[in-house]
Amino acid sequence: MAAYTLLQLLEVLVAGAILLFGVLARSPAVTLLGAGLLIAKAILNILAPEGGSVYRRSLIGYAIAGVFWVGAIVIVHFAG
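Residues numbered from 1 in each chain as written. Predicted model: local features only at pLDDT ≥ 70, side-chain atom pairs only at ≥ 80, totals over all residues. Heavy atoms only, no water.

**Things to note about helix α2 (residues 28-46)**
Now for step 1: With 19 residues, α2 ought to run about 27 Å at 1.5 Å a step, and its terminal C-alpha atoms sit 26 Å apart, in line with that.
Now for step 2: Those residues of α2 that sit buried are T31, L32, G34, G36, A40, K41, I43 and L44.
Now for step 3: Structurally, α2 contributes buried residues whose contacts are with α1 (3-24) and α3 (54-79). (Helix = DSSP H or I, 4+ residues; strand = E, 2+ residues; numbered from the N terminus. Expected span 1.5 Å × (residues − 1). Buried < 20%, exposed > 50% of the residue type's maximum accessible area, 1.4 Å probe, protein only. Contact = heavy atoms within 4.5 Å.)

Okay, here's the thing in structure tokens:
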């Protein structure tokens, strides 16, 4: 298995663990952080066929995940 593949699997495991911890701790912020990280990884892989560097795809994926996380935190804050 390539090092990049192992790194991706590790990132997904860490994001999943953060998500699970957030759910079990009943912490919306931590849960949304884990979900945002998983969204970022999905976007990074969705953009792979388009080409471009890993850094470019990571920047796009994590930027969109950051917007998701901030928006979700605002919604949770004002809804609760």
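**Overview of the pattern of salt bridges**
Now for step 1: Enumeration over the complete set of coordinates arrives at 1 salt bridge.
Now for step 2: Among the ionic pairs, K41 bridges to E11, the shortest N-O distance being 2.5 Å. Taken together, the residues span a long stretch of sequence, with K41 in helix α2 and E11 in helix α1 at a distance of 30 residues.
Now for step 3: On the basis of relative accessible area, K41 is assigned to the buried category, the value being 4%.
Now for step 4: Residue classification places E11 among the partly exposed positions, given a relative accessible area of 29%. (Salt bridge = Lys/Arg side-chain N within 4 Å of Asp/Glu carboxyl O.)

**Quick look at unusual backbone geometry**
Now for step 1: Phi is positive for R26, close to 55°, though the residue is something other than glycine.
Now for step 2: Using a relative accessible area of 77% as the deciding quantity, one classes R26 as exposed.

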